[in-house]
Amino acid sequence: MLKIGDIEIKNQVVLAPMAGVCNSAFRLTVKEFGAGLVCAEMVSDKGIVLKNEKTMNMLYIDECEKPLSLQIFGGEKKTLVEAARFVDKNTNADIIDINMGCPVPKITKCDAGAKWLLDPDKIYEMVSAVVEAVEKPVTVKMRMGWDDDHIFAVKNAQAVERAGGKAVALHGRTRVQMYEGKANWDIIREVKQSINIPLIGNGDVQTPQDAKRMLEETGCDGVMIGRAALGNPWMIYRTVQYLETGKLMDEPTVREKMDVCILHLDRLIALKDEYIAVREMRKHAAWYLKGVRGNARVRNAINECNSRDELVGLLNSLAEVEEEVIVG
Ligand SMILES: Cc1cc2nc3c(=O)[nH]c(=O)nc-3n(C[C@H](O)[C@H](O)[C@H](O)COP(=O)(O)O)c2cc1C
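Residues numbered from 1 in each chain as written. Predicted model: local features only at pLDDT ≥ 70, side-chain atom pairs only at ≥ 80, totals over all residues. Heavy atoms only, no water.

### Some details on helix α7 (residues 153–162)
So, step 1. The set of residues buried in α7 consists of A153, N156, A157, A159 and V160. Viewed end-on, α7 has its buried residues packed into an arc of 155°, placing them on one side of the element. Away from its buried face by more than 90 degrees, α7 exposes K155 and R162.
So, step 2. Buried residues along α7 sit in contact with α6 (120–133), β8 (138–145), β9 (167–174) and α8 (186–194). (Buried < 20%, exposed > 50% of the residue type's maximum accessible area, 1.4 Å probe, protein only. Helix = DSSP H or I, 4+ residues; strand = E, 2+ residues; numbered from the N terminus. Arc of directions from axis to C-beta. Contact = heavy atoms within 4.5 Å.)

Written as structure tokens, this is what we have:
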């Protein structure tokens, strides 16, 4: 069983943290599809310290999402520790994760995210400080390095372990790669062999079979799934089932896809107001519609709709196309 500190995780399938995606509405939906652990989108340490209203709203966690890992990012020890302490005392997150992978210049310019990957000593110092300040287990999510000339994944993961970190999640790409090229799973195996805390492998798990292959080829303790779960919580369910039984479940029907998309929409409306939720849901709807017959017909309309009823009408019209085909 995957165990992070004293948090027991019922299977090896982890939803990756994704900014602008992994809020409570999506996490809860993915949790219901069987994820062992869900990760929240990254939250700014300074936003927490300054009690920024939008940031505070990002800390909301439904009890049903647990166990949950809440990720913070920052580049300065003082604010990172203060933010971690706040999350520790004031949220029902189970795990505090530190972001060491975000490649975006806005973040790395502030010495946060992937910038840390260049300095294992800084990693040790910062993680130690956070670990000392909180009771919840602390973990780190990192990329394998800054660029091809600076791949310090082994040293960096060992620094996390020495500092008292309870697990590492490793995305097998460098910062410079962004999302290009193929994730390197060899480095995941190398890091797994060099630390004693759990290692969660990440990068390019697109199918349940990929998840099994990553576990087998790298020996990692869990698999983290990001983009393949966008508009597709079935990916999580099918992976859990495949790892447990070796059976590949059918892909969902269009009706099932649209129903879950509407459930996700309603949860987002409950979390934010309808206007914001519907606009935010447009990108999710496009992901749910991937591969659905007739989706091109409604894509523009979805990108312009502003109300729940409009969006639900469009989604239902696609499911009806499928139902007509089946009946016909
Ligand atoms: C839209 C999006 C947002 C992301 N936001 C975060 C984030 O907030 N924190 C983080 O550590 N990684 C973030 N990532 C990286 C993912 O967690 C993951 O490492 C990456 O997508 C590779 O995994 P995959 O191939 O399964 O997608 C994000 C990725 C995407 C696509």
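Right, picking up where we left off after that structure.
### A closer look at unusual backbone geometry
So, step 1. Here K66 and P67 are connected by a cis peptide whose omega angle stands at 0°.
So, step 2. Looking at the secondary structure, you find P67 in the loop between α3 (53–57) and β6 (68–73).
So, step 3. Residue K51 is not a glycine yet carries a positive backbone phi of 55°.
So, step 4. A positive phi angle is found at D204, which is not glycine, with a value near 70°.

### A few points about the nonpolar core
So, step 1. L70, I98, M100 and L170 are the most contacted members of the largest nonpolar core, which has 70 residues in total.
So, step 2. Dropping the residues within four chain positions of it, I98 is found in contact with Q71, I72, L80, W116, V127, V130, V138, T139, V140 and K141.
So, step 3. Membership of the second largest hydrophobic core comes to 26 residues, among which are M258, I302, L314 and L318. (Core = buried A, V, L, I, M, F, W, Y, C linked by side-chain atoms within 4.5 Å.)

### Observations regarding the environment of K155
So, step 1. Residue placement: K155 occurs in helix α7.
So, step 2. Sequence-wise, K155 and I123 are 32 residues apart; in three dimensions their C-alpha atoms are separated by 9.8 Å.

### Remarks on the site of the ligand
So, step 1. If you check the shell around the ligand, you find 16 residues, and the closest are A19, Q71, N202, D204 and R227.
So, step 2. Within the backbone of A19, an N or O atom sits 2.8 Å from a nitrogen atom of the ligand.
So, step 3. M42 has a polar backbone atom sitting 3.2 Å from an oxygen atom of the ligand.
So, step 4. In isolation the ligand has 610 Å² of accessible area, and contact with the protein removes 87% of it.
So, step 5. For the shell around the ligand, a count of residues per class yields seven nonpolar, six polar and three charged. (Near = heavy atom within 4 Å. Polar contact = N/O pair within 3.5 Å; in protein donor to acceptor, adjacent residues only side chain to side chain. Areas by Shrake-Rupley, 256 points an atom, 1.4 Å probe, with all protein chains shown as cover. Nonpolar A, V, L, I, M, F, W, Y, C, P; charged D, E, K, R; others polar.)

### Observations concerning the packing of helix α1 (residues 24–32) against helix α11 (residues 254–271)
When two helices pack together, their arrangement is given by the angle between the helix axes and by the axis-to-axis distance.
So, step 1. Closest axis-to-axis distance for the α1/α11 pair is 8 Å, and the angle between their directions is 140°. Judged on the interaxial angle alone, α11 and α1 are oblique. In this structure, α1 crosses over α11, and the sense of that crossing is right-handed. Counted together, S24, A25, F26, L28, T29 and E32 of α1 and V260, L263, H264, R267, L268 and L271 of α11 form the full contact between these two elements.
So, step 2. By residue class, the composition of the contact of α1 with α11 is seven nonpolar, three polar and two charged. (Axes fitted to C-alpha atoms, helices over the stretch in contact; angles between N-to-C directions. Parallel < 35°, antiparallel > 145°, perpendicular 65-115°, else oblique. Left-handed = near helix turned anticlockwise from the far one by under 90°.)

### A closer look at empty space enclosed by the protein
So, step 1. One pass over the structure, following the stated rule, counts one cavity of 30 Å³ or more.
So, step 2. Each pocket or cavity is described by its volume, and for the largest cavity that value is around 100 Å³.
So, step 3. If you trace the largest cavity, you find 15 residues lining it, with D97, T139, A169, I200 and M224 closest to the centre.
So, step 4. Among the elements of the structure, β4 (37–39), β7 (95–100), β8 and β9 are those that each provide at least two residues to the lining of the largest cavity.
So, step 5. Class assignment for the residues of the lining of the largest cavity results in eleven nonpolar, two polar and two charged. (1 Å grid on protein atoms, 1.4 Å probe; cavity = no way out; pocket = protein on both sides within 12 Å on 5 of 7 lines; lining within 4 Å. Points joined across faces, edges and corners; volume = space filled by probe spheres on them.)

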